[in-house]
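The primary structure of each chain is shown beneath.
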Amino acid sequence: MPNRFPGALSQDWEPVVLHKSKPKAQDLRDPKAVNKAIRSGAPVQTVKKFDAGSNKKTAPIVNTGKLEEGTEPAALDKVSNEVRRLIHKARLEKKMSQAELAKQINERPQVVQEYESGKAVPNQMVLAKMEKVLGVKLRGKISKS
């Protein structure tokens, strides 16, 4: 019978060691694994976490000196009446709805609605887009009325 393997064959007697991967931390915290370790008598470490499971929200530390000085603005400026009217008038002249204007400037219709109602805090980027689409100068007229 012919030999299938060319050349001399030799046996390799070096031991092969297979290593198990360490269990993951989450697997060790699993209640089933903890109960199994307790039943088998293996050491189990329990740690009480500080304020664990409580929904307490701590109040932020307030610098009373800053509050007394009043250097922080009380409220953010809103879109002025003049800008509101300009946006509304220019949009109606172009025969556009608020949704169409919003689509052209890549904003939500709610944004256009807030600008026209005067509830929005002026954003230069949004105003620039509106200027471009409506063909009206809006920036520089944001002062609170």
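Residues numbered from 1 in each chain as written. Predicted model: local features only at pLDDT ≥ 70, side-chain atom pairs only at ≥ 80, totals over all residues. Heavy atoms only, no water.

Looking now at the overall build of the protein. For the protein, the helix and strand inventory stands at seven helices and zero strands. In the protein, the succession of α and β elements from N to C terminus is α-α-α-α-α-α-α. Of all intrachain contacts in the protein linking residues separated by at least 6 positions in sequence, the fraction that spans at least 24 positions is 55%. Put simply, the protein shows about 13100 Å² of open surface, and 54% of that area lies on carbon and sulfur atoms. (Helix = DSSP H or I, 4+ residues; strand = E, 2+ residues; numbered from the N terminus. Contact = heavy atoms within 4.5 Å. Areas by Shrake-Rupley, 256 points an atom, 1.4 Å probe, with all protein chains shown as cover.)

Structurally, the position occupied by Lys-78 is in the loop between helix H3 (64–69) and helix H4 (81–93). Sequence separation between Lys-78 and Tyr-115 is 37 residues, and the spatial gap between their C-alpha atoms is 8.7 Å.

For the structure on display, the rule yields three salt bridges. Here Arg-91 makes a salt bridge to Glu-116, at a shortest N to O gap of 2.5 Å. Residue Arg-91 is found in helix H4, and its partner Glu-116 is found in helix H6 (residues 109–117); the two are separated by 25 residues along the sequence. Overall, the relative accessible area of 11% leaves Glu-116 in the buried class. One salt bridge in this structure joins Glu-107 and Lys-129, with 3.1 Å as the shortest N-O distance. (Salt bridge = Lys/Arg side-chain N within 4 Å of Asp/Glu carboxyl O. Buried < 20%, exposed > 50% of the residue type's maximum accessible area, 1.4 Å probe, protein only.)

What follows covers the nonpolar core. In this structure, Ile-87, Leu-101, Ile-105, Tyr-115, Met-130 and Leu-134 are the most contacted members of the largest nonpolar core, which totals 18 residues. The leading source of residues in this core is helix H7 (residues 124–134), at five residues. Discounting residues that sit within four places of it in the chain, Met-130 has contacts with Ile-87, Ile-105, Val-112, Tyr-115, Gly-135 and Leu-138. (Core = buried A, V, L, I, M, F, W, Y, C linked by side-chain atoms within 4.5 Å.)

One can find Glu-131 in helix H7. Of note is the side chain of Glu-131, whose polar atom sits 2.7 Å from the backbone nitrogen of Arg-139. Once residues lying within four places of it in the same chain are set aside, the contact partners of Glu-131 are Val-136, Lys-137, Leu-138 and Arg-139. (Polar contact = N/O pair within 3.5 Å; in protein donor to acceptor, adjacent residues only side chain to side chain.)

Before going further, it helps to spend a moment on the confidence of the model for the protein. Summary statistics for the protein give a mean pLDDT of 80 and a share of 72% for residues scoring 70 or more. Within the protein, helix H5 (residues 98–104) carries the highest mean pLDDT (93), whereas H3 carries the lowest (63). (pLDDT = per-residue confidence, 0-100.)

Moving on to the packing of H4 against H7. Running from amino to carboxyl end, H4 crosses H7 at an angle of 35 degrees, the nearest separation of the two axes being 10 Å. As H4 runs across H7, the sense of the crossing is left-handed. Counting all contacts with H4, which are made through Val-83, Ile-87, Ala-90 and Arg-91, the residues of H7 involved are Leu-127, Met-130 and Leu-134. Tallied by class, residues from the contact of H4 with H7 come to six nonpolar, no polar and one charged. (Axes fitted to C-alpha atoms, helices over the stretch in contact; angles between N-to-C directions. Left-handed = near helix turned anticlockwise from the far one by under 90°. Nonpolar A, V, L, I, M, F, W, Y, C, P; charged D, E, K, R; others polar.)

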